[in-house]
Amino acid sequence: MAGLWRHPRSKMYWFRMGVPERYRERVGKREWKETLGTADLVEARSLHARKLHEVQELMRTLDAGEAIAVDDQADKIVADGFDALARANVRAHEIAADYDLARGLDHVCFTMLQMMGFRARLDWGGSYASKAQDDMLGEADEDIWPIEQPDAAGAFPTFAHRDAVAMNIELFENNPLFRGAAFREVARAHLSARDWKAAEFEAQIVAQAAGVVLRPKGPLFEAVAERILRRLAEHRFGHWPTGVQNVLQPMMTAMATHLPAPTIVDQDAPAHTLSDALAAWKKRKGIDPALPNKTADEWQSALDRFRELAGTEDVAAITGEMVETFLEDVAQLPYRPKKVIGSLPLRQQIAAAHAAKLPTLGPSTVGKHLAAIRSLLATAVRKKWIPFNPAAGLSVEGAKHTGTERDHFSDEDMRRIYTAPLMTDPDACSDTMFWILLLAPFHGSRPGEHCKLKPHEVIREDDEWVMRFRSDRKRQSSAEGPEKRPRRQKTGQSVRDVPIHWIVVESGFLDWVALQIERGEQWVFSDLTADKYGDRYKYLSREINDAIRALGIDDPDKSFYSTRHNFKREGRRRRVSEHDLDQMAGMPRSTSAGNTGRVRRSTR
């Protein structure tokens, strides 16, 4: 962002503006910095505006030059690719004396158009998909596409348009004289809707034939896809009889009435995407790209789903209605589908979930998708790519945490757990599970925090033994190799010292820690395996909760984490002050710990 800067010694005003990253290599600097030669504020503002205009003109010139370069490269890729494919087709049919390059090009274009039409009809589902399978494969599997799918954002938004396409395919494609005519209109529809993803397969084939590796996104991909669709939409097959265009014109005119209005693109303004916003968000958060990050992965997953369901990730094209529609679609996706369904495109997954009455994603998951898109759009606003956040003010009913999702264990539940063989039979569970079970109800700390303890963090301070919950400053090393990521605590207040209860001390916990030190172990509980995000409790949590369910405590609102709530509830029941409870948990006042274990009541 450009701004006025006053030199502290000379008092002269300067023009200063960071060079956007995409221009730095060509400009040769990271910042435009130039004195305006005046100490008068009014004059400086005028000169600043003039200089800013010069810089903006330079960026427009650079963008125009880049666009010309992309266009030239796309032209060459498409020309070389189609030529190489046509020549390969001729070689495959060299036994036919009349098979020349023009006929080879006809064959290549028809095959691409036929496959494009086949994919489009599959996406529509229902009778359209069944007929497409029957035409191409000789059989149809109606269970995969049981119902016809609405697709308001695609190139064929109405059933009337699809009916016209299906009718013309049946009418023209069965006649050898007109083969390719109706399929050509499918390419024309994708071109009008600027649906570049519809030509992704063809773009990869053409680029590969031209000897180029093409990424399926970005200006070059869009330019190549646009040229391929245009070439297919305008290709006139050599086998058509004279004057056939007069026969086809009514069909073209009728089908064109169903096409959506073409998208107007401002060529002067650089396009920014949600992917750009995600990269900027990661940079601002200081996320190390070499290390897995759970939030960044969740944001990426939401972005990928938005791109597929909404048909765009251009932040300037996203509207509030588009985000609402996306959330409605996400809510219909199947929850933990089997691989055969999970590998399908998202709209086909939705169709399968409806047909088989599969469980779908819950409000909290849909809410995470909204949070991701809203956060990325907020980054776009901060970067001044868009004037406002179209996702602001949207919400997902039932997604907000109310504090009642996880219930506490009753006295009978606690008796059942802590008199079970898990706590009395040395062979009933591992040493790690035993100590995690025993530590939880006495301290108010999270089981996951206990799993991240290191032996030297169990220390004696004055007359008290404490557990020191800490984060790591850098990536740690161990005998097995480097950890996947530095150890982190949930919040800043989670970095604290927690006094160890005397019952836990007398149970031999300090002896266990001493044994781990003697063994040279890096962790107090060294047999735990961290997931890729560094969570050492994840797999043990499942094992503990399975054991608790086996004891007959099968309320879905209760999990082993509930013991943390019991610590505070039992203290309040015995009239221990909040101050003392917080001290026992190692927590300062005025934190969320003050609400742990409370029953939250709604206000009317």
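Source: prediction; values computed, not measured.

Engineer: Describe the overall build of the protein chain, with residues and values.
Structural biologist: A tally of regular secondary structure across the protein chain gives 24 helices and eight strands. Sequence-distant contacts in the protein chain: of pairs separated by 6 or more residues, those separated by 24 or more amount to 64%. Only carbon and sulfur atoms are counted for the fraction: they give 52% of the accessible area of the protein chain, which is about 33,400 Å².

Engineer: Account for helix H4 (residues 126-137), naming residues and giving values.
Structural biologist: End to end, H4 covers 16 Å across twelve residues, agreeing with the expected 16 Å (1.5 Å per residue, within 8%). Turning to H4, its buried residues are Gly-126, Tyr-128, Ala-129, Ser-130, Ala-132 and Gln-133. As for H4, its buried residues are in contact with helix H3 (101-124) and helix H5 (159-172). One or two residues past the end of H4 sits Gly-138, with phi positive at roughly 85 degrees.

Engineer: Explain the nonpolar core to me, using residue names and the numbers behind them.
Structural biologist: Looking at soluble globular proteins, one finds that nonpolar side chains tend to be buried together. In terms of nonpolar packing, the biggest core is built from 46 residues, with Phe-82, Phe-156, Val-224, Ile-228 and Leu-232 touching the most fellow members. Contributions of two or more residues to this core are made by helix H2 (41-92), H3, H5, helix H6 (181-192), helix H7 (200-209) and helix H8 (219-234).

Engineer: Account for the pattern of salt bridges, naming residues and giving values.
Structural biologist: Where charged atoms from two side chains of opposite charge approach closely, those side chains can pair. In this structure the tally under the stated criterion is 23 salt bridges. Between Arg-16 and Glu-31 there is a salt bridge whose closest N-O contact spans 2.8 Å. A residue pair is termed long-range when its members are at least 10 positions apart, and Arg-16 in strand S2 (residues 13-18) and Glu-31 in strand S3 (residues 31-35) qualify at 15 residues. Judged by relative accessible area, which is 26%, Arg-16 ranks as partly exposed.

Engineer: Now, about the pairing of strand S4 (residues 458-461): what can you tell me, with residues and values included?
Structural biologist: In regular strands, side chains alternate between the two faces of the sheet. Pairing between S4 and strand S5 (residues 464-469): four bridges, direction antiparallel. Looking at S5, one finds that Arg-460 is bridged to Trp-465. Hairpin connection between S4 and S5: a loop of two residues separates the two successive antiparallel strands, and Asp-462 in this loop has a positive phi of roughly 55 degrees.

Engineer: Just give me the short version of the environment of Phe-159, but keep the residues and values in it.
Structural biologist: Note that Phe-159 resides in helix H5. For Phe-159, a relative accessible area of 40% puts it in the partly exposed group. Those residues in contact with Phe-159 that sit more than four places away from it in its chain are Tyr-128, Glu-148 and Gln-149.

Engineer: Give me the lowdown on the pairing of strand S8 (residues 496-499), citing residues and values where you can.
Structural biologist: Because side chains alternate across S8, one face comprises the buried residues Arg-496 and Val-498, and the other comprises Asp-497 and Pro-499, none of which is buried. Relative to S8, S5 is paired through four bridges, and the arrangement is antiparallel. Across the sheet, residue Arg-468 finds its bridge partner in S8, namely Asp-497.

Engineer: Let's hear about unusual backbone geometry: which residues, and what values?
Structural biologist: Even without glycine at this site, Arg-336 takes up a positive phi of about 45 degrees. Mapped onto the secondary structure, Arg-336 falls in the loop between helix H12 (320-330) and helix H13 (339-342). The exposure class assigned to Arg-336 is exposed, which follows from its relative accessible area of 71%. Located in the positive-phi region is Lys-384, a residue other than glycine, with phi close to 65 degrees. Take Lys-384: it is sitting in the loop between helix H15 (363-382) and helix H16 (411-418).

Engineer: An account of the packing of helix H10 (residues 274-285) against H15 is requested, with residue identities and associated values reported.
Structural biologist: Between H10 and H15, the least distance of the axes is 9 Å, while the angle of their chain directions is 85 degrees. Here H10 lies roughly perpendicular to H15, going by the angle between them. Across from Leu-274, Ala-277, Leu-278, Ala-280, Trp-281 and Arg-284 in H10, the residues of H15 making contact are Ile-373, Ser-375, Leu-376, Leu-377, Thr-379 and Arg-382. Here the residues of the contact of H10 with H15 are counted per class, giving eight nonpolar, two polar and two charged.

Engineer: Residue-level account of the sheet that holds S4, with values.
Structural biologist: Taking strand neighbours across the sheet as the criterion, the three strands line up as S4-S5-S8 in an open arrangement whose pairing is antiparallel. Either end of the sheet is taken by a strand with one partner, and the two such strands are S4 and S8. Looking at each pair of strands side by side, their axes are set apart by 40 degrees on average, direction ignored.

Engineer: Give me the lowdown on the environment of Ile-287, citing residues and values where you can.
Structural biologist: Here Ile-287 shows up in the loop between H10 and helix H11 (294-310). Ignoring sequence-local partners within four residues, the contact set of Ile-287 consists of Trp-281, Lys-282, Asn-293 and Ala-296.

Engineer: Please provide a residue-by-residue account of the packing of H3 against H7, values included.
Structural biologist: One way to put it is that H3 packs onto H7 with a least axis distance of 10 Å and a crossing angle of 150 degrees. Regarding the angle of H3 to H7, the classification is roughly antiparallel. Across from Met-112, Met-115, Met-116 and Arg-119 in H3, the residues of H7 making contact are Phe-201, Glu-202, Ile-205 and Val-206. For the contact of H3 with H7, the residue count by class is six nonpolar, no polar and two charged.

Engineer: I'd love a proper account of the packing of aromatic side chains, names of residues and values included.
Structural biologist: How two aromatic rings sit relative to each other is set out by the distance from centre to centre and by the angle between their planes. Under the definition given, this model contains ten aromatic pairs. With centroids separated by 5.0 Å and ring planes inclined at 65 degrees, the aromatic side chains of Trp-124 and Phe-156 adopt a geometry described as edge-to-face. Here the residue Trp-124 occupies a position in helix H3, and Phe-156 occupies one in the loop between H4 and H5, the gap between them amounting to 32 residues. Exposure class is identical for Trp-124 and Phe-156. Each is buried.

Engineer: So what's going on with a negative patch on the surface? Residues and values would help.
Structural biologist: Together, Glu-461, Asp-462, Asp-463 and Glu-464 give the surface a local cluster of negative charge. Assignment of secondary structure puts Glu-464 in strand S5.

Engineer: So what's going on with H7? Residues and values would help.
Structural biologist: Every buried residue of H7 is listed here: Glu-202, Ala-203, Val-206 and Ala-207. Seen from one end, H7 has its buried residues packed into an arc of 130 degrees, which puts them on one side. The positive-phi residue at the C-terminal boundary of H7 is Gly-211, with phi of around 80 degrees.

Engineer: Residues and numbers for the confidence of the model for the protein chain, please.
Structural biologist: Overall, the prediction assigns the protein chain a mean pLDDT of 79, with 78% of residues at 70 or greater. By mean pLDDT, the top-scoring element of the protein chain is helix H21 (residues 509-519) (92), and the lowest-scoring one is strand S7 (residues 481-482) (41). Predicted confidence is poor over residues 476-483, with pLDDT under 50, and the contacts of this stretch with residues over four places away or in other chains come to twelve contacts. Taken together, the stretch residues 589-604 has pLDDT below 50 and engages in 27 contacts with residues farther than four places along the chain or on a different chain.

Engineer: Explain the environment of Ser-364 to me, and be specific about the residues and the numbers.
Structural biologist: Relative to the helices and strands, Ser-364 is located in helix H15. Given the relative accessible area of 46%, Ser-364 is considered partly exposed. Put simply, Ser-364 and Val-396 are 32 residues apart on the chain and 8.0 Å apart in space, counted from C-alpha to C-alpha.

Rules used in this analysis
- Numbering of residues begins from 1 in every chain and follows the order in which that chain's sequence is written.
- Given that this is a predicted model, residues contribute local features only at a pLDDT of at least 70 and side-chain atom pairs are listed and counted only at 80 or more, while totals for whole chains, interfaces and linings are drawn from all residues.
- In computing side-chain values, all of the structure's heavy atoms are included and hydrogens and water are not.
- Secondary structure elements follow DSSP: runs of H or I of four or more residues count as helices, runs of E of two or more count as strands, with numbering from the N terminus.
- Contacts are assigned to residue pairs with any non-hydrogen atoms lying within 4.5 Å of each other.
- In these tables, accessible area is a Shrake-Rupley quantity obtained with a 1.4 Å probe, and a residue counts as shielded only by the protein chains included in the view.
- Expected helix span is computed as 1.5 Å times (number of residues minus one).
- For each residue, the accessible area found with a 1.4 Å probe, counting protein chains only, is set against the maximum for its type, and the residue is called buried under 20%, exposed over 50%, and partly exposed in between.
- For the purposes of this section, nonpolar cores are sets of buried Ala, Val, Leu, Ile, Met, Phe, Trp, Tyr and Cys residues that join through side-chain atoms within 4.5 Å.
- Within this document, salt bridges are pairs made up of a side-chain nitrogen of Lys or Arg and a carboxyl oxygen of Asp or Glu, the two lying within 4 Å of each other.
- Between any two strands, at least two bridges found by DSSP are needed for them to pair.
- Lines fitted to the C-alpha atoms define the axes, with helices restricted to the stretch that makes contact. Angles between their N-to-C directions range from 0 to 180 degrees.
- Here the word oblique covers every angle except those under 35 degrees (roughly parallel), over 145 (roughly antiparallel) and from 65 to 115 (roughly perpendicular).
- As a working rule, the residues Ala, Val, Leu, Ile, Met, Phe, Trp, Tyr, Cys and Pro are called nonpolar, Asp, Glu, Lys and Arg charged, and the rest polar, with Gly in that last group.
- A pair of Phe, Tyr and Trp rings is counted when the ring centres sit within 6.5 Å of each other, with Trp represented by its six-membered ring. The angle between the planes then sorts it: under 30 degrees is stacked, over 60 is edge-to-face, the rest tilted.
- Distance thresholds for patches are 9 Å for like charges and 5 Å for nonpolar side chains (Val, Leu, Ile, Met, Phe, Trp, Tyr), applied to residues having over 30% relative accessible area and no salt bridge.
- For the purpose of charge, His is not counted, nor are the chain termini; Lys and Arg are scored as positive and Asp and Glu as negative.
- Where a charge sits is defined by one atom per residue type, namely NZ (Lys), CZ (Arg), CG (Asp) or CD (Glu).
- Arc, as used here, means the arc of the directions from the helix axis to the C-beta atoms.
- Residue-level confidence of the predictor, termed pLDDT, takes values from 0 up to 100.

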